[in-house]
Amino acid sequence: MTTVVATPETKAGKAPKAQASDRAVGENRLGLKLVAPAVVLMLIVTAYPMLQALYLSLFRYRLTTADEREFIGLGNYITALSDSLFWQDLLNTLIIMVVTVAVELVIGFAFAMVMHRIIFARGIMRTSILIPYGIITVVSAFAWQFAFSLNNGFVNGWLPFVADDFNWFGGHWSAMFAIMASEIWKTTPFMSLLLLAGLSQVSEDMLEAAKVDGATWWQRLWKVILPNMRAAIMVAVLFRALDAFRIFDNIFVMTKGAEGTESSSFLTYRQVIEQFQLGMGSALSVLLFLMVLILAFGIVKLFKVDLAQARGEG
Amino acid sequence: MARPASSPRRGEGARSPRPVALAAGLTIMGSILAGCGDDSGTPTLTWYINPDAGGQAAVAEKCSTDAYTIETQVLPQDASQQRIQLARRLAAGDDSIDLMSIDPPYTAEFANAGYLAPIPDDLATKLEEQSFQGATTAATWEDELVVAPFWSNTQVLWYRKSFVDKVGIDMNKPVTWDEIIKVASENGGTVGVQANKYEGYVVWINALISGAGGSLIEDAEAGAEATVTVNSPEGAQAAKVIADLAGSAAAPADLSVSNEGTAGTTFGSDEGAFLVNWTYIFHNYDESDPEVAKDIGYTTYPQTVAGKEARPPYGGIGIGVSDNSRYIDESMQAVECLTSAESQGINAELTGNMPASAGGYDYEPLKKLYPPDLLALFQQSVDAAAPRSVTPYWSDISSAIQSTWHSPSSVDESTPEESATFVEDVLAGDTLL
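Quantities reported herein were computed from a predicted structural model and do not represent experimental measurements.

Tallying secondary structure elements over chain A gives 15 helices and 2 strands in all. Across the 314 residues of chain A, 32% fall into the buried class. The long-range fraction of contacts in chain A, counting pairs at least 24 apart against all pairs at least 6 apart in sequence, stands at 72%.

Rendered as structure tokens:
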């Protein structure tokens, strides 16, 4: 979230300095004053737990043996970073993130086109596309677990190339598939909603001009529509990628991390909540936070997303 | 986009919260008043129970007196989730917990952390006298009885009489895992076990290793310095049984995600043949499938090694009193009533979770519900049962075993060694679990 706030501010601060009018300076000051209470509040609410986690991560500290708390410096970080489980879980997380975001981008774009172009039953169509996003993730995860379950599921019966007694949660890749299917089903509407906003920004005039020039549908998509909604696509990818990187609910409900389907957040959860390892858990959550930060920074830099423009300020 | 759509409705929205707020205010006031009432009148003892078919609620009502009322609060289904919820609350000093139903493997952890109020000597003596030896052992930490044994469960080998008659295996003498796996796989039957990545899988592994004469750890009292003994000939024999089953046609298709419930379902289906499961499964099919109910046979838990007496799993519940409770004396009185032989009998009648004392088995209605030979088998099995090691680090050991032994199809002769190294590293804090 911090990057979202920071980017427009630095941009606005640098460029207009040379010819800033009194009015612009005044507006800028007013803006800072208006945003200040929110920033202070956020610092109070988020900075304290973050600093506390940073502090705790330097200890070997188990909730049920609180007397044996021991300062070990960066020991927890060294243990975590030199452990293959940490990297295995990170790899899982990245696979889930890349695959789900890629698939969601394609399906979400198709849905956005439908929502944008549809003429009859527009409300019903838009609502029905958005329904999965309105369902609580834990509920949808249970629904998908039951669907894939061997005992009471229907997926095996529906898919012709799958044996009736195939255990989806009995292998790494099939379990990952089930988890990702649930994740994609649940969050594609969010993606399509963001893309719909971008789609509606593409000027009809340009599309008509391209049509008159004899551009095919495919050319119009690739040469006119997509370049003009680049900012919206990148914002959608950024939000979803950060979201997918923190995947937890689906894994918790569907496999509880069995068959090597654990994600980085699930690993952190297990250390803190299941094993009461407050020190190690805090170290992992600090690492998780840093990774999310790097990821956000990387995506913003790599795709040169101008968030101010995406919000219609630019 | 959302803004123009919602703003015309804002007027309605502003009015509607008022009755809601009013109702919420009244509810809060109501509960504050109720709280005051509690302080001045009879105290309410809150008993956190594991979900069951109403046995604990029934004895809570029975044991409520003029001096106190016992109320139940239901914990999550999963034993490890029960532990998490209780431990978090206890660590935070929650004084709204008075009584707790605690699963045996976590008793030592709670006692070691100082979460449990010491049981008065006379009550402890009484409980030790009435309870089975195994139940007392599981409830003891550092030579003190720390929870009151309430029910003691064990597993037996359930089989379908029709299947056994068809294949002609003699169930009157003890059978081995090898035998039942072989018979089931050759005749289109399944052997139901609990092998999902959860505590129940470790229950099975522990029973297999104990049945061969070994153990997961020794010197459990040493806590994190305990000796890990998984990597032993006994561990290898246990691994062989699991690998054999997972690789045979007798393995249910859902083996790697099977728990007590799903294994019960497989047992009730056409391919059901054998099942190891807790005592309550006997009445599982009475309503859902009376044909299966009539077809259930039972015998001692299978042997890991032919000729060596099996060590069935031990489960159960002990009732502990929270050290943070405001009503420790009343809670101890309540414990005495809740764990009386009659209460244990009532609970067993309602839930199928068998009493922790011989006195509990004398409860008349229980004798009507279960055939005498089955009740005798339950008691023999509890006597022979191998409890999981009593250590404050059980949860770590169990998770480490789950990590290395799951899924069952990945188990081979190298598994015991791998798991021993991993458990040692986990106890030393050198690795992520």
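On we go from here.
This next bit is on the overall build of chain B. On a plain count of helices and strands, chain B comes out with 21 helices and 12 strands. Its C-alpha radius of gyration of 24 Å places chain B within 12% of the 22 Å reference for a compact globule of 433 residues. Projected onto its principal axes, the C-alpha positions of chain B cover 70 × 70 × 55 Å. Burial analysis of chain B (433 residues in total) assigns 52% to the buried set.

Before going further, it helps to spend a moment on the interface of chain A and chain B. How big an interface is tends to be stated in terms of the accessible area lost upon association of its parts. Contact with chain A, which involves 23 residues of that partner, is made by 23 residues of chain B. Residue composition of the side of chain A that touches chain B, grouped by class: 10 nonpolar, 7 polar and 6 charged.

Counting 155 residues, the largest nonpolar core has Trp158(B), Val191(B), Ile205(B), Leu245(B) and Val423(B) as the members making the most contacts within it. Of the domains in this structure, domain 1 (42-152 + 315-384) and domain 2 (156-313 + 390-428) of chain B are the two that each give at least three residues to this core. Membership of the second largest hydrophobic core comes to 19 residues, among which are Ala112(A), Ile129(A), Leu193(A) and Ala236(A).

Here we take up the environment of Ala195(B). Mapped onto the elements of the fold, Ala195(B) is located in the loop between strand 7 (190-192) and helix 11 (199-211). The buried category is assigned to Ala195(B), around which 28 C-beta atoms lie within 10 Å.

Once that is clear, we can look at helix 5 (residues 79-91) of chain B. All names here are of chain B. Given a rise of 1.5 Å per residue, 13 residues ought to cover 18 Å, and the 18 Å separating the end C-alpha atoms of helix 5 matches this to within 8%. Along helix 5, the positions that sit buried rather than exposed are Ala79, Gln82, Arg83, Leu86 and Leu90. Down the axis of helix 5, the smallest arc covering the buried residues is 100 degrees, so these residues share one side. Where the residues of helix 5 are buried, they touch strand 1 (44-49), strand 3 (99-102), helix 6 (104-112), helix 11 and helix 20 (394-405). A positive phi of about 75 degrees marks Gly93, the residue just after helix 5.

Moving on: unusual backbone geometry. Residue and element names in this part refer to chain B. His406 connects to Ser407 through a cis peptide bond whose omega is 0 degrees. The phi dihedral of Glu142 is positive, around 50 degrees, even though this residue is not glycine. By the secondary structure assignment, Glu142 is in the loop between strand 4 (140-141) and strand 5 (144-145). The exposure class of Glu142 is exposed, given the 10 C-beta atoms found within 10 Å.

Residue and element names in this part refer to chain B. Two numbers describe how helix 11 lies on helix 20: the axes approach to 9 Å, and their chain directions differ by 85 degrees. Accordingly, the angle class assigned to the pair helix 11 and helix 20 is roughly perpendicular. Residues Glu199, Tyr201, Val202 and Ile205 of helix 11 pack against Ser398, Ile401, Gln402 and Trp405 of helix 20. Of the residues that constitute the contact of helix 11 with helix 20, the class distribution is 5 nonpolar, 2 polar and 1 charged.

The rules behind the values
The residue numbers shown here count from 1 along each chain, following its written sequence. Chain letters start at A and ligand numbers start at 1, both assigned in the order the entries are written. In view of the model being predicted, local features appear only for residues whose pLDDT reaches at least 70, and side-chain atom pairs are presented and counted only at 80 or more, with totals across whole chains, interfaces and linings using the full set of residues. Secondary structure elements follow DSSP: runs of H or I no shorter than four residues count as helices, runs of E no shorter than two count as strands, and numbering proceeds from the N terminus. Here exposure depends only on C-beta density: within 10 Å of a residue's C-beta, 20 or more other C-beta atoms make it buried, 12 or fewer make it exposed, and intermediate numbers make it partly exposed, the C-beta atoms being placed from the backbone. Residue pairs qualify as contacts under a 7 Å threshold applied to their C-beta atoms, which are placed from the backbone. A radius of gyration in this sense is built from C-alpha atoms; the matching globule rule multiplies 2.2 Å by the number of residues raised to 0.38. When residues are sorted by character, Ala, Val, Leu, Ile, Met, Phe, Trp, Tyr, Cys and Pro go into the nonpolar class, Asp, Glu, Lys and Arg into the charged class, and all the rest, Gly among them, into the polar class. The term nonpolar core means buried Ala, Val, Leu, Ile, Met, Phe, Trp, Tyr and Cys residues held together as one set by C-beta atoms within 7 Å. The domain boundaries here were taken from an automatic or database domain assignment. Multiplying 1.5 Å by the helix residue count minus one yields the expected span of that helix. Working note: the arc is built from the helix axis to C-beta atom directions. Inter-axis angles, ranging from 0 to 180 degrees, are taken between N-to-C directions of lines fitted to C-alpha atoms, where helices are fitted over the stretch in contact. Working definition: roughly parallel below 35 degrees, roughly antiparallel above 145 degrees, roughly perpendicular at 65 to 115 degrees, and oblique for all remaining angles.

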